[in-house]
Structure formats: structure tokens, C-alpha cells
Amino acid sequence: MPVDPKEDVDREERRVFLKAFGGIGAALFLLSMGTFEKIFGFFLKQDLTRDQEEHILSEKIQRLEQTAHEKKLELERLDKDYILVASLDSLSPVKGIYFIDYLMRPAMAFCDDDGFPIVLSAKCTHLGCTVGNIVDDKGDILCPCHMSRFSIKTGAPVPGSPAKAPLPFLGWAIIDKNKNILLTQDPHGKRQGITDMDKLSGSSLYVLKKYSEEA
Amino acid sequence: MPEQKKGLARMLKSLGERLPMDKFDFKHLVMEKEVPVHKMSWAYYLGGLTLFFFLVQVVTGIFLLFYYEPTVSDAHASVEFITRYVKNGFFIRNLHAWASSCMILCLMAHAITTFAMKAFARPREIIWSSGALLLLLGFTFGFTGYLLPWHQIAVNATKVMLQSIDRSGQYLPGVLAGVPHYLTQLIQGGPMIGQATLSRFYALHVVILPLLVAGILGLHLLAVQLHGMSQGTDKPTGKSEKFFPFFILKDLIVWGVAFFIIFIIASCLPFESFSPFPLFQPFNALGATPEGIKPEWYFYFTYYPLELLPFWLVMIGLTATGVVLFLTPRIFKNTSRPMLAVIAWLITAYLVIITLFGSFIYALVKGGHP
């Protein structure tokens, strides 16, 4: 008896469908077994050793303390008219000390050849990365994000750098142990007070809120 | 009044043509749906594959929520905990990260092939526009998710991105000049990237964007189902296959193979193995940005031009690309498919070259690394 070609095609289609369905079903079963094993374990209680638990907890505490420190800095910037950067004697002409300015942006402090502070923003004027604090032999610091170089003496970017604007200077004050302001310098470089480095020794460098508000 | 009525009727007719709800029945959506067979038929699988990777992300993302802690003190530690101490946590996190890259890759390929096949032409404008929105949302997913581990590369790359948005204001006229700054402040939520930023990115990444995607994806899929697959070629072969069950089965096979591949990759290859370790240390606000800060690979097409060309030029290029993307059905209404294919090849060539060799090109032009 002749077979209807349409019926033949239908049968063939059914066969292909069932085969594919079976194959996919089996593959999905195997995959889901492997996946299920992974998922199930993910939600189980972690089997930690005492050392691991101690390590996790101590790291957690360390990071909480770091966050608390950052919050204290924020509070200090709201409360106080001047904030400590570092002792004057700890400033270096080749390695800057990072601190957070009144606007909660990174800044850094160096000293010049005479020992007076150089305080400038560490926020790169190109795209906002934090500039490195090591001064090279040309007196420049480098932003490692996009290779902008800045002179610490002028704040200006070295020609060819992606940054076009200079790093702004911050106004500062040198204050002694008795909280007497000995010397100040505004962001434009104008100094007022004692300029004899010997008399300033042992004091500390601060940044002032009034300069930040003016800026 | 009659004029207004006519306008409304025209609008409804136009909407009806683009969303023919009369076809919303089992017969049209399942029984009669056919998929054209021709040399570009492989491209019909890309949309489904994108959806598949999105679903993998949704599932793995929900799993990660069980352990992730969205605070600046705990985010990095919780990610580390998932990776090191949770059983298979490394695998789930890796799967999430690899699936995100695969999703963006498929999304881009889907957009380019759809363009080359002229599948945006009338009456498919809604499919194209919703797809373009999904493409942008895909990038936003990547951008917001990148910050969540709160490591050096994450925070610094976000800083760079936000600063780029802020800087674009100087090229805008009048009151518009202030918009990018407000936008940056809105995203950042404070004077610098901190807890407010992390909370915002987290809310966007796990709630707002998924809801937006669900809505727009629903519209996208509905429109695709109502219109059926686009012809995709100037010279139809006359061959087609039934959407159900054959194409669906093949689609499932492709999904299965994709899952198998990503399963193997996520088991063996840490997503972070392509960058140096210091970039994955916890973010330190009191230190220099480490070398090698880069966005995810799928932002290289805009990252390297930003490094190499004047900022204003890149801004103009990006704005023009956005405008062209959304106006494609109008701009390329009368463009032939072969010409669209040439444009699609050029776009592909640009994306591949800048993504794979951007760093090399930068070294050649500028000397050094970006």
C-alpha cells in the first residue's frame, strides 16, 4: 500500500522531535544534577576552622575600624576650624603625606627645599584619580591612571599630560603645641607670620576651614 | 475637534500597526509562527542567548544576595567571604561575572545583526527602540555591578566614569552645562564616592534596573512574537521552519551548549585573572590610585577614544551614536541591506579592534600604558 508522502514527513518530523527532546532532556538532567550540587552546597553552613573564623572576624573588625576612622575624619571636618595633617618635621620633599581635605577629597603635603610645606590637592584634574605621592628627579608627581605628571612646585601639569588644569594648592597653617598659629599661607601662596624655620620646628601642619570655604 | 480626533485615530492606527494585538492568540504566536531559513539564520539565536545569560545573571545574582553586604566596611570582605569560604561561592560569583560579559557580548552582536538584517524597518520600530534601551540598560548593569565588590579597580574606575560625566558639562551650552554635574552628584550621593554611592549602585543593580529590564524586555518580546521573525534578507530562500517545536528545540540546544561552556569556564577560570592582584585589594581612600585602572572590556570602545582623542570629540561621537541608535528606523529607512551589512561590518571591525588592541594602539600613539 503506497505511503502518503505528507504522512511520511509528519512521521519523520515526529521522530526528529522525539529524538531531540530525549537528547536535550538527558543533557538537561545531567547539567541540572551538576548545577544542583553547586547550588545546594552554596546555601549550606560554612564549615570553617577556628583559624579561618578568627581571620574573618579580625579582618571585619579592622575594616570596621577603618570605616569608623573615615567617619571620624568627616565629623572632624564639620566640627573643627583646622585639621591636623602631620608634624612639620615629618614632611618630606620626595614623598608626600596623604590626607583628606575639608571637602573629603584626597590631598597631600610635601615640604620644599627650605622646609616650608607644600600642600596640594591629590585629585587629578583629568579624571579624578588619586595622584601618586612620590616625587621624581624632575620634581613631578605622576597620576598612574592616565599618566598625567604635575610639578609639585607649581601644581601645573607637564606639557603632553592628559590633564590640562593644575592641581590646586590648599591654604595651611603651622600651629605649635600650645595651639598658637605661627605661620599661615593662603591657597595663592601669601604667607603671614614667623618665617624662621628654626622657630617653627616641633610644630605641626594644619589645613584651615576658612581657606577651603573661600575656595 | 475633528482634527484632534483624526490625530488620535492616526496615532492608534500607527500603534496598532506596530503592536498588532489581534495576533495575540495561540494560533499566531505558536502554531503558525515560522522562522525564515537563510545564511544569516544563526543570528536569530542571539536574542534568545542574550535572554538566557540574563536569566543566569538573575539566578546567580539572587544567590549572591544571600551573602553580599552593601556597606563600604563589609562589601569587599563579604565578596571575599563568598569567594573563599562559601561552598561553591567562587563558582556562583564567577558564573555571575562571566554571564554578564557573555550577555553584553550577545547583546551587542544581536544589535549589530538586527541592524544588518534591517529588522528595525517598519512596523518593527518598537522592537528596535526597546532593544536599544535594553542595550543601554545592559551597559548600566555592568557599570553599577562593577562597583559592588568595593576593590581598588571598582572604586577608581567608577571615579573616572563619574568624572567623565561631570566634565562633559563644559561642552554644553547655557543651563545645560550644569546638568552633568547635578547628574554626577545624584549618582554619587556625596562629595566623594562612598557609602551613599554604594547604596545607590546596589539599589540600581538589584532592584531598579531588573524591574526596568523586565518591563522593557516584556514589551520587546511581545512585539517580536506579534510580528514574528523578520525576513532578514533581500532574497528570501522560500525556506522556513516552524518556530514550535523546531526552532524552540534548537534554541534550547544552543542554551544548553552555552550553559555547558560557561559552566566549565566559571569552574576553571577566575574572572579576575586578567588583571593584577593589587587592583582587587580593598579600596583605600588614603593612597594613590594603583596602575592599570580600566573599566570592563565592553566599555573599551569609549574608554580608549577618551584616552587618545580630545574629550569634546569623544563626547560628540558618543552623543551622535546615541542619537543614531534610537533614530535608526528613520535614518536607515531607505538603505539597502547590503549597505547596512557594510556598515555593520565596519562597526564590528571598530569594536573588535579597539577592544582587543586598544592598549596596543595607545602604546603606539602615546607611548606607555593607559
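Residues numbered from 1 in each chain as written. Chains lettered and ligands numbered in written order. Predicted model: local features only at pLDDT ≥ 70, side-chain atom pairs only at ≥ 80, totals over all residues. Heavy atoms only, no water.

1. Describing the interface of chain A and chain B
Then, in step 1: On the chain B side, the residues contacting the 46 residues of chain A number 52 residues.
Then, in step 2: With both sides pooled, the region where chain A packs onto chain B buries about 4,400 Å², and carbon together with sulfur makes up 66% of that total.
Then, in step 3: Contact with chain B buries area across many residues of chain A, yet Phe42, Arg63 and Leu127 of chain A alone supply 17% of it, more than any other trio.
Then, in step 4: With a shortest N-O distance of 3.7 Å, Lys60 of chain A and Asp74 of chain B are connected by a salt bridge.
Then, in step 5: Counting only elements with at least two residues in the side of chain A that touches chain B, the list comes to α1 (5–43), α2 (50–79) and β2 (97–100) of chain A. (Contact = heavy atoms within 4.5 Å. Buried area = accessible area lost by both parts, 1.4 Å probe. Salt bridge = Lys/Arg side-chain N within 4 Å of Asp/Glu carboxyl O. Helix = DSSP H or I, 4+ residues; strand = E, 2+ residues; numbered from the N terminus.)

2. Brief notes about the environment of Thr125 of chain A
All names here are of chain A.
Then, in step 1: In this structure, Thr125 sits in the loop between β4 (117–121) and β5 (140–143).
Then, in step 2: Distance from Thr125 to Asp51, taken between C-alpha atoms, is 45 Å for residues 74 residues apart in sequence.
Then, in step 3: Dropping the residues within four chain positions of it, Thr125 is found in contact with Phe150, Ala163, Ala165, Pro166, Leu167 and Pro168.

3. Observations concerning helix α13 (residues 337–366) of chain B
Residues and elements named next belong to chain B.
Then, in step 1: The principal kink in α13, of about 70°, is found at Phe357.
Then, in step 2: Taken residue by residue, α13 has Arg337, Leu340, Ala344, Leu351, Ile354, Gly358 and Tyr362 as its buried positions.
Then, in step 3: Where α13 is buried, its residues meet α5 (89–116) and α11 (300–308). (Bend = angle between axes of the 7 residues up to and from the residue. Buried < 20%, exposed > 50% of the residue type's maximum accessible area, 1.4 Å probe, protein only.)

4. Quick word on the state of the cysteines
Then, in step 1: If you walk through the whole model with that rule in mind, you get 1 disulfide over all chains.
Then, in step 2: Shown here is the disulfide that connects Cys129 of chain A with Cys145 of chain A, its sulfur atoms set 2.0 Å apart. Judged by the sign of its S-S torsion, about -75°, the cystine formed by Cys129 of chain A and Cys145 of chain A is left-handed. In this pair, Cys129 of chain A is assigned in the loop between β4 and β5 and Cys145 of chain A in the loop between β5 and β6 (148–151), connecting sequence segments 16 residues apart.
Then, in step 3: Overall, Cys145 of chain A belongs to the buried group, its relative accessible area being 0%.
Then, in step 4: You can see Cys102 of chain B has no disulfide; the closest cysteine sulfur is in Cys106 of chain B, sitting 6.5 Å from it.
Then, in step 5: For Cys102 of chain B, a relative accessible area of 21% corresponds to the partly exposed category. (Disulfide = S-S within 2.5 Å.)

In short, shape yes, function no, at least from these values alone.
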